Amino acid sequence: MDRSSTGLLVPHAVTRRGLLGITATFTAWAALPRFAHAGGRDPRLVVLVLRGAMDGLSTVAPVGDPDHERARGGPVLGSSEQAPGLALDSFFAMSPRLPALGAMYQSGEALVVHAVASPYRERSHFDGQDVLESGLPAVGVADTGWLGRTLALLPEGEMVQFTSGEGFAAGAQVPLIMRGRSKVVSWMPAGYPEASEDTRARLLSLYRHAGDERLAMTLEEGLELGMVAGSEKEAKRAARSGADADVKGRSRPAIEAARVAGRVLSKEDGPRIGTLDLSGFDNHSRGDPVDGQLGDSLAVLDATLLALKESLGPAWRDTVVMVVTEFGRTVAFNGSGGTDHGTGTALFLLGGGVAGGRVVADWPGLSQAALFEGRDLRPTTDLRSVAKGVLRDHLGVGERALAESVFPGSADLKPVSDLLRS
Amino acid sequence: MPSESAIRDAHTALTRFGLGPRPGECAAIASDPRGFVLAQCGRPQAALITAAGLLPTPENMALNLKDRRERRVARKLENEQIEAAKAAAKASGGGDMADPDMAGGDMAAGDMAGDGMAGGDMAGADMAGDLAAVDDGTVKRDGADRPERLRQPGFSPTTVRREAAARFDHGLAATDGLTERLVLFWSNHFAVSAAKGGSVPSMVGSYEREAIRPHVYGRFRDLLEVTVKHPAMLVYLDNWKSVGPNSRIGARKGIGLNENLAREVLELHTLGVDGGYTQADVTSFAKVLTGWTIDRNGGRVEGTGAIFLPRRHEPGDFTVLGKVYGQKGPKQLDAVLDDLARHPATARHIARKLTRHFVGDGAPTEIAEAVARAFLDSDGDLAATTKALVSSDAAWATPPAKIRDPYLFTMASFRVLSLTTDAENEKAAFNMMNALGQKIWTPPSPAGWPDADDAWLAGDALLERLDFATVVARRIDPELDVPGLAADALGPRYDQPTREAVTRAESREQAVSLMLLSPGFQRI
């Protein structure tokens, strides 16, 4: 997984894996797509990456599967000593730690795709996240991501306007999924008092004269977008101290990032496409979806999604949020009440534009014979098909471009239709 | 006057193979820079920290446990008071006294080693650890807590700070910079992270002192064993709760394996992800590892506090990488570690990582090949392995490309400016690392911090560094001859553009900032 072991070079490793433990960065395309002003629809897209491999089977449990309780052998929803969870239909139930998401599901604004996976079939987090974000069919050298390449296909309009108070900084920690040719900005928690404009300008001049192109370019990016964003430190501080003072504890960074995301995405001249990052799903122990660490992480996810919806306001109507993770976890619980790295898992689509209230799954079953390599939920839907359906029907990306540049080598994978309201 | 090439080598010795020069140090070693680096391989004791007030792991664990218990009691009390106040306000008796925070998390501490599965370890509950608390100044040097800290579970608030300060001070004072760099490298290779929460933050510092520092010039096999069996690793990668399904405990309680540690030892610590192992190897190795857990009974603990409990160990012979291990009890793990440490894939993996860490992504492949050969030929003697690296002409000749990570940048800045770690400076240092996302001992995953040349290069990260430089530049001696210092410290990298920037700066502080951010200081 560490690329040093294969001799390959991955320059973005820092950003992808999340820097602050519980990460909560929001990254957005700095340009306004021209269709935003075309009248009528003004679509927004947010991809939320859950790092650590979420246990899809505990999050959305197939309580109607006759093998469920036996195969898992752990604290599962619907078992005799566990809460029943939120019934999604006669077959699936959702963790009660996701009440906001459950309510969105009930009102037809959220759907679940189950038994889903990226094309990656090994069990390393880091390779798995690379494949999930790069959109490539296998582990390989990737310096762009599928959302980043999608941006390049959209008609680029004006640069997004930022005002002080939004806390955006430039060219900072860009996750692989958003990397591409287009400019992006990101929001992170605050740091330090600033160096003067004069010192910054002198440093840039030093880099240019010293002929260190890489340093010069990087600093230039920082300065340029920093100017657009206003004084980023001040802005970050403002974002922290202001309306978000009520948010406490573990979910605070995530909720703050979601609010910032919702606030700017909802603005007329704000960005339209972004990603959010949330870590904390690698539950090798305490994988109980109600009281365990998994349950706690799901509660953070739920609060994040709710904050996003609320801060989007009326723009929620035009928004699709796609919640994905690198792979699933073992069907059977391990010896510590948790689960180890697996394969198939669940993903969520939510937003006013989603044709929700249902679980989309070609259910493979949990009998021993049905499992992938005898231990994991067998994936029956390719995550890229779902993403292709969203990109085609929500952003109008053509199928050929999807098959060739967004998800190279995926011509055989048809986009999933009818995920969104027409 | 030393020759130009001697000055260049002296600079390389102190940057690529060191923590950055202190004033005058380049000149002091210029008579034999390569000898200066090589000689460090024969002084393993320089890696050891003997600062006062640092505790061994079992004591840190015990304090952490006590601390968590007290917090829990305080929280419960607080909740009861709130409930009581609510009840009084409603003027309707019989309020619900159930404490939601206690659900499932209450730990029958002390008995954990008895039957192994007593409660959760509260892992991951709190990321806002001791170092983060520096941000808003809630942690005082004497460890006095504000009441709100009581609500955050799982942290003994002074342990990590004290350990981090001792580590940083040790680096500031170090003459054997290569040795300290090796500590950082191996600590990152066998990474544990305070981000796990629970008892891990209390152990990350003592883990490095006990498991890493004594072995950087020892045998890889020993380093592997002490890290795998250290309580910090056993808890961080969950092995302390892994139980053989057919062991006495497993059979009685119906509990079983956790393969986290097994996978990461193969993927990260030894063979590498392409090292040729399968899922079946991971599972078998996880069975071999069962039984290794932590002893929190205290008092009678010797060593690090790790313990092998036969009643948790999966009985039987297991096949790892095609070889059957029929040993009984703890000897089985030792036998597997013997072979993993000797495996050619391990040698390749280690050699590539070491070479990339010190020479950069563009290091000629001959260096890693020589290092791997030395590793195999010496049966994993890390002094011999390190010597192969630092004796390679190519390792000295490859142009500097690697951006110093936030820790090394901070360290090098402090050393060149002769700053000491008073409270203000220390706060600036730790804040910088936090702001740039490299909080000490808190890497984002078992893979540790990333190590590519430009891994830490980003627009706003450079601005953060500049802001940090501006802060520390205000704290220098006002008489400091900055151009003189820059010429001394940057050596051959004090080129015309840098000289112009430094000499034409509008203030001494600005000159310092530009020196610290110059390409010659950023890239090693």
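Basis of the calculations
- Residues numbered from 1 in each chain as written.
- Chains lettered and ligands numbered in written order.
- Predicted model: local features only at pLDDT ≥ 70, side-chain atom pairs only at ≥ 80, totals over all residues.
- Heavy atoms only, no water.
- Salt bridge = Lys/Arg side-chain N within 4 Å of Asp/Glu carboxyl O.
- Helix = DSSP H or I, 4+ residues; strand = E, 2+ residues; numbered from the N terminus.
- Buried < 20%, exposed > 50% of the residue type's maximum accessible area, 1.4 Å probe, protein only.
- Axes fitted to C-alpha atoms, helices over the stretch in contact; angles between N-to-C directions.
- Parallel < 35°, antiparallel > 145°, perpendicular 65-115°, else oblique.
- Left-handed = near helix turned anticlockwise from the far one by under 90°.
- Contact = heavy atoms within 4.5 Å.
- Nonpolar A, V, L, I, M, F, W, Y, C, P; charged D, E, K, R; others polar.

**Student:** Quick question: what am I supposed to make of the pattern of salt bridges here?
**Tutor:** Any two side chains of opposite charge can pair, on the condition that their charged atoms come close. Tallied over the full model, the rule gives 51 salt bridges over all chains. Of the charged contacts in the structure, one is a salt bridge between E225(B) and R221(B), with a shortest N-O distance of 2.8 Å. Of the two residues, E225(B) and R221(B) both sit in helix α9 (residues 220-228), 4 residues apart, roughly one turn of that helix. For E225(B), a relative accessible area of 22% gives the class partly exposed. In this structure R221(B) comes out as buried when scored by relative accessible area, which is 9%. We note a salt bridge from R263(B) to E259(B), for which the minimum N-O separation is 2.6 Å. Classification of E259(B) by relative accessible area gives buried; the value is 5%. Salt bridges linked by common partners bring R123(A), E373(A), R375(A), D376(A), E259(B) and R263(B) together as one network.

**Student:** Explanation requested: unusual backbone geometry in the structure shown.
**Tutor:** Most peptide bonds adopt trans geometry, and most residues besides glycine take a negative phi value. At D418(A), a residue that is not glycine, the phi angle is positive and equals roughly 65°. Using a relative accessible area of 59% as the deciding quantity, one classes D418(A) as exposed. Here the phi dihedral of S418(B) falls at roughly 55°; this positive angle occurs in a residue that is not glycine. Along the polypeptide, S418(B) turns up in the loop between α19 (406-416) and α20 (423-435).

**Student:** I'm lost on the packing of helix α7 (residues 177-189) of chain B against helix α15 (residues 344-359) of chain B in this one. Help?
**Tutor:** Packed helix pairs are specified by the crossing angle of their axes together with the interaxial distance, meaning the distance between the axes. Residue and element names in this part refer to chain B. Packing of α7 against α15 leaves a shortest axis separation of 11 Å and a crossing angle of 130°. The angle between α7 and α15 falls in the class oblique. As α7 packs across α15, the resulting crossing turns out to be right-handed. Where α7 approaches α15, its residues L178, R181, L182, F185, W186 and H189 are matched on the opposing element by H349, I350, K353, L354, H357 and F358. Looking at the contact of α7 with α15 residue by residue, the class counts come to 7 nonpolar, 3 polar and 2 charged.

Take it as geometry only, folks, not as evidence of what the structure does.
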